[in-house]
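In case you want the letters, here they are:
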Amino acid sequence: MPYTKKRMPRRKIGMTYRVMAAIAQPIVRLLFEREWEGERHIPADGGFIAAVNHNSYVDPLAYGYFQYAMGRPPRFFAKQGLFTGAFGRLMHAMKHIPVARGGAGVLAALETAATAVRAGEGVVFYPEGTLTRDPEMWPMRGRTGIARVALETGCPVIPVAQWGANLLMPPYGRMGRIFPRRTHRVLVGPPVDLSRYQGREPTLEVCREVTDEIMAAITSLLGEIRGLPVPTAPHARQAAEDSGDARASAA
């Protein structure tokens, strides 16, 4: 369903964010047609987590445009390497959240994300932590940081699937021709029901269960967009990546 009406931002987001959004919007419009569905599931007020699949270096730009248009400027939970130089100063000014490698760095970033959620922000997580390596472009198994923030804050976790930016720039590939324009599709689902985890200690096992449920919701939505049956199991991470979750949990 094409997007028809913009909900204007209700909160002060800063001049830098407004200027960068004004620059980014015509670029996204040039690159993509848009088909957005499920906008009603984006909360009008209050903090929330948007859990989004990641399949292109340009999909943060495309998805960011969507959430900004919903009146909920996205605060991306992003790799610390993006927060250097002039671009890094812009990222800080827009209040995106840098995450460093290693247990202590991850925990500090997760606490920053939780603080932003409590302050009423819409924080965007790519639970996979990187571009998908699945050969069929399905989401991989997620990292558990998103579960820790969700359980700590009790905020809504909104699953989001996107498709189309990867047709312009595949994961780890080169930018293709701009024309004809691809269609960037966004499908937003209802909040993931995590009520049965309320009051439970956020152990690694609990966080793993929560994360797997979130990823299953995203994958199901992506199956709807693509019109394909979803895989029976997500693409597995390397053992070293999974052990990073364990170190962060123990830190």
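Residues numbered from 1 in each chain as written. Predicted model: local features only at pLDDT ≥ 70, side-chain atom pairs only at ≥ 80, totals over all residues. Heavy atoms only, no water.

Moving on, we come to the nonpolar core. The biggest cluster of nonpolar side chains holds 28 residues, and the ones touching the most others in it are I49, F77, F125, V149 and I214. Of all the secondary structure elements, the ones that give two or more residues to this core are strand 2 (48–52), strand 4 (97–99), helix 4 (103–118), strand 5 (122–125), helix 5 (145–153) and helix 7 (204–226). The contacts of I214, once residues within four sequence positions are left out, are A51, I146, V157 and V192. Of all hydrophobic cores here, the second largest spans 25 residues; its members include F66, A69, M70 and V186. (Core = buried A, V, L, I, M, F, W, Y, C linked by side-chain atoms within 4.5 Å. Buried < 20%, exposed > 50% of the residue type's maximum accessible area, 1.4 Å probe, protein only. Helix = DSSP H or I, 4+ residues; strand = E, 2+ residues; numbered from the N terminus. Contact = heavy atoms within 4.5 Å.)

Our next topic: the side chain of S56. With respect to the helices and strands, the residue S56 is situated in the loop between strand 2 and helix 2 (59–69). Those residues in contact with S56 that lie beyond four places of it in its chain are L131, A165, N166 and M169.

Turning our attention to the sheet that holds strand 1 (residues 32–37). Across the sheet, which stays open at both edges, the 7 strands sit in the order 1-7-6-2-5-3-4 with mixed pairing between neighbours. Both outer strands of the open sheet, strand 1 and strand 4, are each paired with one neighbouring strand and no more. For this sheet the average axis-to-axis angle between neighbouring strands, irrespective of direction, equals 25°. Looking at chain direction, strand 3 (residues 74–79) and strand 4 are connected through 3 bridges and run parallel. Note on strand 4: the bridge partner recorded for F77 is I97. Sheet contacts for helix 5: strand 2, strand 5 and strand 6 (157–163); angle to strand 2, the most-contacted strand, approximately 160°. (Pairing = 2+ DSSP bridges. Axes fitted to C-alpha atoms, helices over the stretch in contact; angles between N-to-C directions.)

Quick look at the environment of G164 now. Looking at the secondary structure, you find G164 in the loop between strand 6 and helix 6 (165–168). C-alpha of G164 to C-alpha of D59: the two residues are 105 residues apart in sequence and 8.3 Å apart in space. Ignoring any residue separated from it by four or fewer positions in sequence, one finds G164 in contact with F32, R182, T183 and H184.

Turning our attention to the pairing of strand 3. Most of strand 3 sits inside the fold, with 5 of its 6 residues counted as buried. In this sheet, strand 5 lies alongside strand 3 in parallel orientation, the contact comprising 3 bridges. Bridge pairing links P74 to G122 in strand 5. The β-α-β motif built from strand 3, the intervening helix 3 (residues 85–93) and the parallel element strand 4 has right-handed crossover chirality. (Right-handed = clockwise from strand over helix to strand, strands pointing away.)

Where helix 4 contacts helix 5, the two axes come as close as 10 Å, and the packing angle between them is 40°. What the angle tells us is that helix 4 and helix 5 run oblique. Of the two elements, helix 4 crosses helix 5, and the hand of that crossing is right-handed. On the side of helix 4, the interface is formed by L107, L110, E111, A113, A114, V117 and R118, while helix 5 contributes G145, R148, V149, E152 and T153. Class assignment for the residues of the contact of helix 4 with helix 5 results in 6 nonpolar, 2 polar and 4 charged. (Parallel < 35°, antiparallel > 145°, perpendicular 65-115°, else oblique. Left-handed = near helix turned anticlockwise from the far one by under 90°. Nonpolar A, V, L, I, M, F, W, Y, C, P; charged D, E, K, R; others polar.)

Enumeration over the complete set of coordinates arrives at 8 salt bridges. Note that E35 and R185 form a salt bridge whose closest N and O atoms lie 3.2 Å from each other. Taken as a pair, E35 in strand 1 and R185 in strand 7 (residues 182–188) lie far apart in primary sequence, 150 residues in all. By relative accessible area, E35 is classed as partly exposed at 31%. A relative accessible area of 29% places R185 in the partly exposed class. Notably, a salt bridge pairs R208 with D212, separated by 2.9 Å at the nearest N-O pair. With R208 and D212 both in helix 7 and 4 residues apart, the pair spans about one turn of that helix. Accessibility expressed as a relative area gives 30% for D212, which makes it partly exposed. (Salt bridge = Lys/Arg side-chain N within 4 Å of Asp/Glu carboxyl O.)

Right, let's get into helix 5. Considered for burial, the residues of helix 5 that qualify are G145, I146, A147, V149 and A150. Turning to helix 5, the residues buried within the fold contact strand 2, helix 4, strand 5, strand 6 and helix 7.

Turning to the confidence of the model for the protein, a few remarks are in order. Predicted confidence across the protein gives a mean pLDDT of 90, with 89% of residues reaching 70 or more. Between residues 1–10, whose pLDDT stays under 50, and residues either more than four places distant or in other chains, the model counts 24 contacts. (pLDDT = per-residue confidence, 0-100.)

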